[in-house]
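# Inside the fold
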Amino acid sequence: MKIDINFLKHMAKLSRIKLSQKELEKFTPQMKTILESVDVLQEVDTAGIKPMKKRVSFSDLREDIATISLTQEEVLRNANHTEMNLVKIYGKIF
Amino acid sequence: MENNKYDIIIGLEIHIQTKTKSKMFCTCPTGYFQKEPNTHVCPVCLGLPGALPVPNKRAIELCILMGLATHCTISNEIYFDRKHYFYPDLPKGYQISQYKNPICSNGLVKLSNTTVEIERIHQEEDVAKSTHHTEAGTNKEYSLIDYNKSGVPLIEIVTKPCIRSSSQAKEYATRIRQIARYLNISDADMEKGQMRCEPNISIQEKGKWKQEGREVVPIGNYKLNAKIEIKNIGSITAVEKSINYEVDRLIEEIEAGNNIKQQTRGWNANKGITEFQRSKETSDDYRYMAEPDIPVIKISKEDTDRISKELIELPDKKLDRYINTYQLSEYDANVLSANKDVAVLFDKLVVDIENELKDLPTSAKLASNCITGTIFAWINEKGISISSANLDIADLVAWNLALNSKEITKSKAEKLLRESLDNKKDLSKLLDDFRKQSSESATNLTDIVKDVILKNEKAVNDFKNGNKASMGFLIGQVMQITQGSADPNETKSILIKELE
């Protein structure tokens, strides 16, 4: 993966973050360093090694029983804006 | 919509909300329809920090059941993945879905003239309901969100691009809805959003492309036309209509030499057209990753065997049996197999009538006429379902046998059934009353006929003078006195005898 200023622009777009040209230039080498250090993991030979992910049986799954949820007041408590008990979000989101 | 120059290539994605009591990854109740907003919501549906998803066993069973009903291979391990995107209907910032390893894969659904191949069926969660508005005064755009729907179990059924016409697409969607309803996987009510169909369509020149698994690939230097996805389809009829519209539009564009851009369009049912929503110049970048909060779930053969016990005979098998074993017309067989409750009633009725008559095709024909005739007319008139009609099988059997033995005329029998349905009267008692009356009236019939002859001198003279229509009038008089219980043929022969 080529980590350049276009890669960072794409990441910023997906994360809905606006970055100035100056910020893009500043963060690109930082991002590169971070990803390259994580990339070291790719050098480990994992051929034939099964993932260490935990496995559970089907019977261990949760039974389909509904319980009481949060109150409407609790749900809306963290919303900056509400209208008719709905969470209100400003901005064009299409 | 057959076209000499182009092939129509359709793939269908169908989302179905499965019928569980609790949500996919938390214990909030699912029934959100017309409920007070934001009352079926917990930290898991809200994606609050630290909240962890716990998969719902029943939801996964229903996904597997759908897979078994469509002849899919069921995976022996279930993996969940995170599909990332930023949108307020998804407060976690990702939807828990399945990417590389769906629970069900490589299935098929047989239609009347073709077979639709299913690529995959995977489990995911629904998102919140959002509506979009503009604020009066400030003119600011805003959205309103109800999180009750967020986290409701959702399965996605994806076909290969193997559907070739709008009518096939419609038949396929109808079949999927039927299976979901038969197996109680979902009510699949499209108006309530419990089932959503999203066709993707492309038009390619004949002989210039081929299908390789899930892909459409060009032959030689041919440049494929881009594909279009249609959203906002609110009914099965709209599946067909929207595809017809879009196919015509695409062919016009191509014929005009325009380049088709990959895009999502919305179906506008009022105008009967598709409208541009957004272009898809780059493929969506969902940054899928394995969901670390949910372990891998092992599915044993015992698990799938247990779930397959819920597989009852599906409509296509019933249809086949009704036509080939019961010797019903294709039309009747379709009508009787379309709805599970109707089919269950019909099957019971046939077995019980056949026990008495020992003649399967006749028993099936009787049961079919009884249900598709008076009973359907009545439930349609009342706007109720067959299950709420409180029909008594034993009574219906007795009724059919009486009709078959010609003990009762068809019109009288229908009258009795109608009366029993309208007034919640015991049908077997009505039949008994009828029998008593008719044995009395048989002895009385000659007397009644004599009486009618005496009282209708003019009609009698007319008849004797050659006016044959007068016979109808005289029979009518007898029918009126006997309140329709007299047999018209018998009445006629007595009349003729008495008039000689």
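Residues numbered from 1 in each chain as written. Chains lettered and ligands numbered in written order. Predicted model: local features only at pLDDT ≥ 70, side-chain atom pairs only at ≥ 80, totals over all residues. Heavy atoms only, no water.

## With respect to the overall build of chain B
Applicable threshold: Runs of H or I in DSSP of at least four residues are treated as helices and runs of E of at least two as strands, each being numbered from the N terminus. Restricting the calculation to C-alpha atoms gives the radius of gyration, and the globule rule supplies 2.2 Å times the number of residues raised to the power 0.38. Should any heavy atoms of two residues lie within 4.5 Å, those residues are counted as being in contact. Accessible surface area values rest on a Shrake-Rupley calculation with a 1.4 Å probe, where residue burial reflects the displayed protein chains alone.
Secondary structure summary: chain B contains 15 helices and 18 strands in total. Computed over C-alpha atoms, the radius of gyration of chain B comes to 31 Å, more than 25% over the 23 Å expected from 2.2 N^0.38 for 500 residues, which places it beyond the range of a compact globule. Each principal axis of the C-alpha distribution contributes one length, and for chain B these read about 95 × 60 × 55 Å. Restricting the contact set of chain B to residue pairs at least 6 apart, pairs at least 24 apart contribute 68%. On chain B, roughly 24,100 Å² of surface is accessible, and the fraction owed to carbon and sulfur atoms is 47%.

## Observations concerning the overall build of chain A
Keep this limit in mind: Charged residues are defined here as Lys and Arg on the positive side and Asp and Glu on the negative side; His and the ends of the chain fall outside this count. Lys charges are placed at NZ, Arg charges at CZ, Asp charges at CG and Glu charges at CD.
Secondary structure summary: chain A contains three helices and three strands in total. Helices and strands in chain A line up, N terminus first, as α-α-β-α-β-β. A compact globule built from 94 residues should have a C-alpha radius of gyration of about 12 Å, whereas chain A, at 22 Å, is more than 25% larger. Considered along the principal axes of its C-alpha atoms, chain A spans approximately 50 × 45 × 20 Å. Sequence-distant contacts in chain A: of pairs separated by 6 or more residues, those separated by 24 or more amount to 23%. As displayed, chain A has an accessible area near 7,600 Å², and 57% of this comes from carbon and sulfur atoms. For chain A, the separation between the mean place of its 16 positive charges and that of its 13 negative charges on side chains is 6 Å.

## Here we look at the pattern of salt bridges
Once the charged atoms of two side chains with opposite charge are near each other, the side chains can pair. Residue and element names in this part refer to chain B. Convention followed: Any Lys or Arg side-chain nitrogen found within 4 Å of a carboxyl oxygen on Asp or Glu counts as a salt bridge. Exposure is judged per residue with a 1.4 Å probe applied to protein chains only, and the accessible area is read against the type maximum: over 50% gives exposed, under 20% gives buried, and values in between give partly exposed.
Following the criterion strictly, the structure yields 45 salt bridges over all chains and no others. Across the pair Glu310 and Arg58 runs a salt bridge whose closest N-O atoms are separated by 2.9 Å. Here Glu310 is found in the loop between α5 (301-308) and α6 (315-324), whereas its partner Arg58 is found in helix α2 (residues 57-69), with 252 residues between them in sequence. Take Glu310: its relative accessible area is 29%, and that puts it in the partly exposed class. Between Lys382 and Asp422 there is a salt bridge whose closest N-O contact spans 3.9 Å. Taken as a pair, Lys382 in helix α9 (residues 360-382) and Asp422 in helix α11 (residues 410-422) lie far apart in primary sequence, 40 residues in all. A relative accessible area of 45% places Lys382 in the partly exposed class. The exposure class assigned to Asp422 is partly exposed, which follows from its relative accessible area of 36%. Each of the salt bridges in this network shares a partner with another, and the network as a whole consists of Arg58, Glu61, Asp303, Arg306 and Glu310.

## Things to note about the pairing of strand β12 (residues 209-212) of chain B
In regular strands, side chains alternate between the two faces of the sheet. Residue and element names in this part refer to chain B. Just so we agree on the cut-off: Being paired, for any two strands, means DSSP has found at least two bridges between them.
For β12 and strand β13 (residues 215-218), the ladder comprises four bridges, and the chain directions are antiparallel. Each bridged residue has a counterpart across the sheet, and for Glu212 the counterpart in β13 is Glu215. Count of turn residues in the β12/β13 antiparallel hairpin: two residues, of which Gly213 carries a positive phi of about 60°.

## Observations concerning the packing of aromatic side chains
Rule in force here: Any two rings among Phe, Tyr and Trp, with Trp reduced to its six-membered ring, count as a pair given centres within 6.5 Å; such a pair is stacked if its planes are under 30 degrees apart, edge-to-face if over 60, and tilted if neither. Counted as over-ring charges are cases with an Arg CZ or a Lys NZ within 6 Å of the ring centre that also lie within 35 degrees of the ring normal.
Counting across every chain of the model gives eight aromatic pairs over all chains. With 6.1 Å between their ring centres and 55° between their planes, Tyr90 of chain A and Tyr142 of chain B make a pair best called tilted. Of this pair, Tyr90 of chain A sits in strand β3 (residues 86-90) while Tyr142 of chain B sits in strand β9 (residues 141-146), which puts the two residues in different chains. Ring geometry for Tyr322 of chain B versus Tyr326 of chain B: centroids 5.6 Å apart, planes at 15°, classification stacked. Each member of the pair, Tyr322 of chain B as well as Tyr326 of chain B, is classed as buried. An aromatic cluster of at least three residues, connected via ring pairs, comprises Tyr85, Tyr99, Tyr286 and Tyr288 of chain B. Geometry around Tyr90 of chain A places Lys140 of chain B over its ring, the cationic atom sitting 5.0 Å from the centre.

## Points about a nonpolar patch on the surface
Residue and element names in this part refer to chain A. To keep things clear, this is the line we draw: Every patch collects residues that have over 30% relative accessible area and no salt bridge, joining them within 9 Å if they carry like charges and within 5 Å if they are nonpolar side chains (Val, Leu, Ile, Met, Phe, Trp, Tyr).
There is a patch of nonpolar side chains on the surface, built from Ile34, Val38 and Leu41 and spanning about 310 Å² of accessible area. Checked against the element boundaries, Leu41 lands in the loop between α2 (21-39) and β1 (55-57). On the basis of relative accessible area, Leu41 is assigned to the exposed category, the value being 63%.

## As for the interface of chain B and chain A
Spelled out, the test is: Buried area is a sum: the accessible area each of two parts loses on coming together, probed at 1.4 Å, counted once for each and added. When residues are grouped by polarity, Ala, Val, Leu, Ile, Met, Phe, Trp, Tyr, Cys and Pro land in nonpolar, Asp, Glu, Lys and Arg in charged, and all others, Gly among them, in polar.
Counting from both sides, the interface comprises 55 residues of chain B and, opposite them, 35 residues of chain A. Across the chain B to chain A interface the summed buried area is about 4,100 Å²; carbon plus sulfur atoms make up 58%. Contact with chain A buries area across many residues of chain B, yet Lys57, Phe86 and Leu144 of chain B alone supply 16% of it, more than any other trio. There are three salt bridges connecting chain B and chain A. Counting residues per element, the ones that place at least two in the side of chain B that touches chain A are α1 (43-46), α2, β9, β18 (296-298) and α5 of chain B. Residues belonging to the side of chain B that touches chain A are distributed by class as follows: 29 nonpolar, nine polar and 17 charged. Looking at chain direction, β3 of chain A and β9 of chain B are connected through four bridges and run antiparallel. Opposite Lys88 of chain A, over in β9 of chain B, you have Leu144 of chain B as the bridge partner.

## Focus on the sheet that holds strand β6 (residues 104-110) of chain B
Residues and elements named next belong to chain B. Test applied: Only C-alpha atoms enter the line fits that serve as axes; for helices the fit covers just the stretch in contact. Angles between N-to-C directions range over 0 to 180 degrees.
A sheet is described by the order of its strands in space; here nine strands give the open sequence β2-β6-β7-β10-β1-β11-β14-β15-β16, paired in mixed fashion. Two strands close off the open sheet at either side, each with one partner strand: β2 (73-74) and β16 (273-279). One ladder, built from eleven bridges, connects strand β1 (residues 6-17) with strand β11 (residues 195-205); its direction is antiparallel. When the bridges of β11 are listed, Asp7 appears paired with Gln204. The strands touched by helix α4 (residues 236-255) within the sheet are β1, β11, β14 (228-231), β15 (263-268) and β16, with β11 carrying the most contacts at an inclination of about 25°.

## Considerations on the packing of helix α3 (residues 166-182) of chain B against α4 of chain B
The angle between the axes and the distance between the axes are what describe a pair of packed helices. Residue and element names in this part refer to chain B. Applicable threshold: Working rule for angles: under 35 degrees goes down as roughly parallel, over 145 as roughly antiparallel, 65 to 115 as roughly perpendicular, anything else as oblique. Here a crossing is called left-handed whenever its near helix is offset anticlockwise from the far helix by less than a right angle, and right-handed whenever the offset is clockwise.
Between α3 and α4, the shortest axis-to-axis distance is 8 Å and the interhelical angle comes to 160°. With respect to their mutual orientation, α3 and α4 come out roughly antiparallel. When the axes of α3 and α4 are compared, the crossing they make is right-handed. Residues Ser166, Ser167, Ala169, Lys170, Ala173, Thr174 and Arg177 of α3 lie in contact with α4, whose contacting residues are Ile236, Val239, Glu240, Ile243 and Asn244.

## Regarding the sheet that holds strand β2 (residues 82-83) of chain A
Pairing is antiparallel in the open sheet, where four strands are placed in the order β2(A)-β3(A)-β9(B)-β8(B). Both edges of this open sheet fall to β2 of chain A together with β8 (129-134) of chain B, since each of them pairs with a single strand only. Alignment of β2 of chain A against β3 of chain A, held across two bridges, turns out to be antiparallel. When the bridges of β3 of chain A are listed, Glu83 of chain A appears paired with Leu86 of chain A.

## Details of the domain arrangement of chain B
Quick reminder of the rule: For the purposes of this description, domain bounds are those given by an automatic or database domain assignment.
Annotation of chain B at the domain level lists domain 1 (6-304), domain 2 (333-425) and domain 3 (436-499). Relative placement of domain 1 of chain B and domain 3 of chain B: their C-alpha centres are 68 Å apart.

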